Amino acid sequence: MKVFVAGSAGFIGTNFVRILLRDRPEWDVLSFDALTYAGNPENLDELSVNPRHRFVQGDITDSATLDRAVTEFAPDAIVNFAAETHVDRSIHGFADVFVRTNVIGVQNILEVVKAHNISRYVQVSTDEVYGALDLNDGKIFTEDTAFAPNSPYAASKASGDLLCRAYFKTYGTPVMVTHCGNNYGPYHFPEKIIPFFITRAMNNQPLPLYGDGLHVRDWVHVEDHGNAILAVLEKGEIGHSYNVSADNERSNIDLAKMMLRILGKEESSITFVAERPGHDRRYAIQPSTALAALGWSPKYDAEHFEQGLRETIEWFQSHKDWADRAIARANGVNQHIA
Ligand SMILES: NC(=O)c1ccc[n+]([C@@H]2O[C@H](COP(=O)([O-])OP(=O)(O)OC[C@H]3O[C@@H](n4cnc5c(N)ncnc54)[C@H](O)[C@@H]3O)[C@@H](O)[C@H]2O)c1
């Protein structure tokens, strides 16, 4: 099996490539990444000696480069993580880049999948396409929930997903889409809330929470997400979408307090800042029976969330130089939380 992984220098992509190289010893992997501010070549450094892995720098919005890389590698499957992902950047002046990468880039991939008769394409998407729930709303997202995106980021991801659906319906393109809640774990870029708070707390800086801090996210460990994508890649049904959830809802304020407790720091470092425009109150995904039928279940369920968070904090403590360099690369864009 030869797998073409787009967006492999980012947070989830780099974890996924590691899972493939570790758990599928017969497989070859091509990493394809534009290395935007969020793409960190350091993440792939230690993999450069692996003869089953190679890296090509390229942009999914550049169809000629994408086609050339696919022609040379001749993959059996493509998994796409390449995306603009930071909600705040989509709100504060960069929406055009989100549309370019998350919509046009996905359409370019669909075209190469079609042109090269690639057997399977997994498009990695987000629960944010479903919009927001109220705090006391019993409803939770399922694969049948209608899209109602609220941020330019979520709208661009939903648009990419709709193109996947349309290519499947029109051409039979062998696409599957996954929708996952917020991820945490190693190699997380420090503009997102968990690594942002860990790195700030480690530097004795305040932790700024939007609004009242009661926004709820449904957290999934990146290793669990990677294994879910692998299950879909190997056993998923073409044309289907799969939600990924560890049934692990947490409010931002409870999350901040748990991190501070693990780090042995005072809760007084939590501060409240002006609300984010259009800030989704709550995401909550119903554990997917379709994904369970593929044999997947999360290792880090709600009961093991604190363990996953503790391990993540320990990773950041032992990779302080990595985090410092990643923050420098962000060039000031890591001032907001996701
Ligand atoms: N992080 C989460 O909590 C989360 C949750 C659910 C779904 N997702 C989805 O998972 C995917 C990966 O997310 P992430 O957190 O790893 O993102 P990330 O921002 O850490 O990484 C994105 C990667 O894509 C690359 N990239 C961006 N534009 C590109 C382009 N035009 N061509 C080629 N490469 C490009 C970047 O260089 C970077 O390496 C995204 O599609 C995101 O929507 C993320």
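To be clear, the structure that these remarks concern was listed above.
## Brief notes about the overall build of the protein
- A tally of helices and strands in the protein yields twelve helices and 13 strands.
- Computed over the C-alpha atoms, the radius of gyration of the protein is 19 Å, within 12% of the 20 Å expected from 2.2 N^0.38 for a compact globule of 338 residues.
- Over its C-alpha atoms, taken along the principal directions, the protein stretches across nearly 55 × 45 × 40 Å.
- A total of 338 residues make up the protein; the buried ones form 55% of that total.

## Section: the packing of helix H3 (residues 63–73) against helix H5 (residues 95–115)
- Where H3 meets H5, the axes come as close as 10 Å, and the angle between the chain directions of the two elements is 35°. Along this stretch, H3 crosses H5, giving a crossing that reads as right-handed. Packed against H3, whose contacting residues are Ser-63, Leu-66, Asp-67 and Val-70, the element H5 presents Asn-108, Ile-109 and Val-112 at the interface.
- When its residues are assigned to classes, the contact of H3 with H5 shows four nonpolar, two polar and one charged.

## Remarks on the site of the ligand
- In the region of the ligand, 28 residues are neighbours, and Asp-33, Asp-59, Thr-85, Tyr-153 and Lys-157 sit closest.
- Between the ligand and Ile-12, the relevant distance is 2.8 Å, taken from an oxygen atom to a main-chain nitrogen or oxygen of the residue.
- Those elements giving two or more residues to the shell around the ligand turn out to be helix H1 (11–23), strand E5 (120–126) and helix H6 (152–171).
- For the shell around the ligand, the element with the highest residue contribution is E5, accounting for three residues.
- Taken together, the residues that form the shell around the ligand break down as 13 nonpolar, twelve polar and three charged.

What counts as what
Residues numbered from 1 in each chain as written. Predicted model: local features only at pLDDT ≥ 70, side-chain atom pairs only at ≥ 80, totals over all residues. Heavy atoms only, no water. Helix = DSSP H or I, 4+ residues; strand = E, 2+ residues; numbered from the N terminus. Rg over C-alpha atoms; globule rule 2.2 N^0.38 Å. Buried < 20%, exposed > 50% of the residue type's maximum accessible area, 1.4 Å probe, protein only. Axes fitted to C-alpha atoms, helices over the stretch in contact; angles between N-to-C directions. Left-handed = near helix turned anticlockwise from the far one by under 90°. Contact = heavy atoms within 4.5 Å. Nonpolar A, V, L, I, M, F, W, Y, C, P; charged D, E, K, R; others polar. Near = heavy atom within 4 Å. Polar contact = N/O pair within 3.5 Å; in protein donor to acceptor, adjacent residues only side chain to side chain.

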